[in-house]
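Overview (structure and organization)
Residues per chain, in single letters:
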Amino acid sequence: RSANIGVVGLAVMGSNLARNLASREGNTVAVYNRTYARTEELLTEHPEAGFIASETIDDFVATLAKPRTAIIMVQAGKGTDAVIEQLAERFEPGDIIVDGGNANFNDTIRRERELRERGLNFVGTGISGGEEGALNGPSIMPGGSAEAWETLGPILKSIAAVAEGEPCVTHVGTDGAGHFVKMVHNGIEYADMQLIAEAYDLLRRVGGLSVEQLVDVFKDWNSGDLESYLIEITAEVLAKKDAETGSPLVDVILDEAGSKGTGVWTVQNALGLGIPVSGIGEAVFARAVSSKPAQRGAVRSTVTSRPKAPEVPDTFVDDVRAALYASKVVAYAQGFDLIVAGAKEYGWDIDLGALAKIWRAGCIIRARFLNRIVDAYATKPDLETLLVDPYFADAVSSGEDAWRRVVGIAAASGVPAPGFSSALAYFDSLAADRLPAALIQGQRDFFGAHTYKRVDKDGTFHTLWSDDRSEIATTPSTH
Ligand code: NBP
């Protein structure tokens with residue numbers, strides 16, 4: 001008996017992915033884990049899967065039919081490098097090594113190049129959906145060569161989530177493209193979660209809603225434009241009572257948010273590429289602020305009075321919903337801008353509409369909203385920003401007054417809403433006739449002779465600030 005696909009790494013993600021593969025018609029799955037006890041556990045618990053298990057990597061490789069195809073699901077970083085090397089030493093030209101872990105796309109670019117030089121196919125693939133997704137259908141974002149996609153595509157299609165009849169997997173682009181978009185996916189997830197958290201906080205602390213009422217609000221929102229996995233689980237988390245105290249669980253969870261790094265990577269790369277992903281940035285920073293108990297305690301004890309919450313309009317719940325929606329549009333617009341910039345920088349041909357399609361199911365940011373993004377790019381593939389797509393432009397402008405009211409109320413009541421307010425500032429920056437960047441250019445010219453351009457003629461100019469303050473042209477006008 002031989003296997004058409006193998007899985008290396010049988011912790012929670014790998015064993016669930018292996019079970020998912022085994023449950024699909026036509027797949028025979030080989031499995032291997034460094035520590036054999038884990039393999040035995042999987043075999044005992046899931047005899048129905050018909051796994052071909054191996055105790056050694058040599059035996060594992062020997063059970064794979066050619067071209068050999070193995071998916072690695074081990075800890076990102078050194079563990080992944082170690083397993084890649086073990087497989088590469090045993091694989092032959094044309095075989096395919098897939099890394100389904102949360103690799104940094106720069107590592108994926110390097111690994112792909114090194115393995116290509118050895119005649120092997122390497123496919124770094126983003127897999128989203130957590131444990132549940134791995135088992136029942138994740139959203140899958142593979143990079144790598146078109147040749148590898150030919151073999152791997154049908155296998156991945158067989159296990160992916162399905163949205164409106166289509167499997168949530170597409171060949172995103174070459175080498176690191178898959179892991180790059182998975183990184184941005186996670187960044188958008190951070191922004192989305194932060195915005196939902198701000199909506200909750202404002203409605204509770206300023207709007208005076210109880211946690212029980214908030215459960216209903218989020219359930220209601222989940223039946224409209226905001227319908228999404230994250231809104232749905234928000235209602236579930238809020239509805240959960242702590243068994244020990246009887247309080248809502250959210251009130252006994254320590255308010256310090258952790259992270260595993262993909263949000264930070266997204267922002268670091270955006271900074272390098274000059275893309276303002278302020279929504280994702282604020283979300284990463286908000287988690288960082290929350291995790292500074294000493295600073296928070298010090299400031300809390302210094303601040304003697306907090307603003308009194310202002311009166312809120314009767315429409316406050318709807319206002320917050322509109323602010324959330326508009327801010328979410330901004331966060332996604334920024335995330336897609338980053339993907340466009342990454343594609344240009346690294347030479348990937350990424351179909352943004354196809355990407356929005358594969359995020360409609362299986363992954364953490366799955367949402368009804370993504371259909372609108374699919375439509376936007378179908379109408380205009382080279383859209384300057386999602387904000388100018390007619391549907392989104394209308395959604396933002398119809399919620400604009402409410403968005404401004406909410407940001408104003410948040411500031412007046414001392415409830416932090418960095419996601420809502422920075423999204424509004426970003427929108428206002430893009431919409432402004434003139435920006436104070438003109439003054440910044442003047443300052444830069446003053447202290448560093450960095451020059452400036454003029455609105456009324458071509459060329460580059462400098463004012464002789466430390467001389468007679470006359471203006472000189474530093475490059476000849478093109479006229
Ligand atoms: P972990 O990230 O906890 O990794 C545990 C696995 O890595 C075990 O199989 C372990 O083998 C293996 N491993 C390690 Br650690 N070092 C190794 C080495 N040097 N050589 C061989 N194997 C090694 O597992 P996970 O949570 O299932 O995640 C797997 C991958 O999927 C990660 O890259 C993760 O970032 C990614 N991911 C996770 C999620 C999620 O929701 N958890 C979602 C999406 C993606 P052992 O049993 O012998 O120790």
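Reading the values: rules and limits
- Residues numbered from 1 in each chain as written.
- Predicted model: local features only at pLDDT ≥ 70, side-chain atom pairs only at ≥ 80, totals over all residues.
- Heavy atoms only, no water.
- UniProt positions renumbered as here; feature names shortened; annotations may be inferred.
- Axes fitted to C-alpha atoms, helices over the stretch in contact; angles between N-to-C directions.
- Helix = DSSP H or I, 4+ residues; strand = E, 2+ residues; numbered from the N terminus.
- Left-handed = near helix turned anticlockwise from the far one by under 90°.
- Contact = heavy atoms within 4.5 Å.
- Nonpolar A, V, L, I, M, F, W, Y, C, P; charged D, E, K, R; others polar.
- Buried < 20%, exposed > 50% of the residue type's maximum accessible area, 1.4 Å probe, protein only.
- Expected span 1.5 Å × (residues − 1).
- Bend = angle between axes of the 7 residues up to and from the residue.
- Near = heavy atom within 4 Å.
- Polar contact = N/O pair within 3.5 Å; in protein donor to acceptor, adjacent residues only side chain to side chain.
- 1 Å grid on protein atoms, 1.4 Å probe; cavity = no way out; pocket = protein on both sides within 12 Å on 5 of 7 lines; lining within 4 Å.
- Sits in = over half its atoms within 2 Å of the grid points.
- Pairing = 2+ DSSP bridges.
- Right-handed = clockwise from strand over helix to strand, strands pointing away.
- Core = buried A, V, L, I, M, F, W, Y, C linked by side-chain atoms within 4.5 Å.

Identification of the protein as 6-phosphogluconate dehydrogenase, decarboxylating from Nocardioides turkmenicus is taken from an unreviewed UniProt entry. A UniProt comment under Pathway (unreviewed entry) is attached to the protein, and it reads "Carbohydrate degradation; pentose phosphate pathway; D-ribulose 5-phosphate from D-glucose 6-phosphate (oxidative stage): step 3/3." UniProt, in its Sequence similarities (unreviewed entry) section for the protein, records the words "Belongs to the 6-phosphogluconate dehydrogenase family."

1. Thoughts on the packing of helix 15 (residues 316-346) against helix 19 (residues 418-431)
In contact at an axis separation of 9 Å, helix 15 and helix 19 are set at 65 degrees when each is read in the N-to-C sense. The element helix 15 and its partner helix 19 pack so that their crossing is left-handed. On helix 19, the residues that touch Val 320, Ala 323, Leu 324, Ser 327, Val 330, Gln 334 and Asp 337 of helix 15 are Gly 419, Phe 420, Ala 423 and Tyr 426. By residue class, the composition of the contact of helix 15 with helix 19 is seven nonpolar, three polar and one charged.

2. Structural notes on the environment of Leu 249
If you trace the backbone, Leu 249 turns up in helix 11 (residues 249-252). Assessed through its relative accessible area of 25%, Leu 249 is described here as partly exposed. Sequence separation between Leu 249 and Ala 161 is 88 residues, and the spatial gap between their C-alpha atoms is 30 Å. Once you skip the residues sitting within four places of it in the chain, Leu 249 turns out to touch Lys 240, Lys 241 and Asp 242.

3. Observations regarding helix 7 (residues 146-159)
Look at helix 7: 19 Å from first C-alpha to last across 14 residues, which is about the 20 Å you get at 1.5 Å a residue. At Leu 152, helix 7 is bent by approximately 50 degrees, the largest bend along its length, and proline Pro 154 sits one to four residues beyond. Taken as a whole, helix 7 has its buried residues at Ala 148, Trp 149, Leu 152, Gly 153, Ile 155, Leu 156 and Ile 159. Looking at the packing, one finds that the buried side of helix 7 touches strand 1 (5-8), helix 1 (12-22), strand 4 (69-72), strand 5 (96-99), strand 6 (121-128) and strand 7 (139-142).

4. Re the site of the ligand
In the neighbourhood of the ligand, 20 residues make up the surrounding shell, with Met 13, Asn 33, Arg 34, Thr 35 and Arg 38 lying closest. Within the backbone of Met 13, one N or O atom sits 2.9 Å away from an oxygen atom of the ligand. Contact between the ligand and Ala 76: an oxygen atom at 3.5 Å from a main-chain N or O atom of the residue. Placement of the ligand is best described as lying within the second largest pocket. For the shell around the ligand, the secondary structure elements donating two or more residues are helix 1 and helix 4 (78-90). Per-element tally for the shell around the ligand: the top contributor is helix 4, with three residues. Of the residues in the shell around the ligand, the class split is ten nonpolar, eight polar and two charged.

5. Describing the pairing of strand 2 (residues 29-32)
With burial as the criterion, each face of strand 2 is covered, one bearing Val 29 and Val 31 and the other bearing Ala 30 and Tyr 32. In this structure, strand 1 lies alongside strand 2, joined through four bridges in parallel fashion. Across the sheet, the residue bridging to Ile 5 is Val 29, located in strand 2. Traced from strand 1 through helix 1 to strand 2, the parallel crossover comes out right-handed. Examined bridge by bridge, strand 2 and strand 3 (residues 52-53) share two bridges and lie parallel to one another.

6. Quick word on the nonpolar core
Within the largest apolar cluster, 93 residues are counted, with the highest numbers of intra-cluster contacts made by Trp 221, Ile 350, Trp 359, Ile 373, Leu 386, Trp 403 and Phe 420. With 16 residues, the top contributor of residues to this core is helix 15. Excluding residues that lie within four positions of it along the chain, Ile 373 makes contacts with Tyr 332, Phe 336, Ala 356, Leu 386 and Phe 392. Counting residues in each nonpolar core, the second largest holds 28 residues, with Ala 18, Phe 51, Met 73 and Ile 155 among its members.

7. What about the sheet that holds strand 1?
Pairing is mixed across the open sheet formed by seven strands, whose spatial order is 3-2-1-4-5-6-7. Two strands lie at the open edges of the sheet, namely strand 3 and strand 7, each paired on one side alone.

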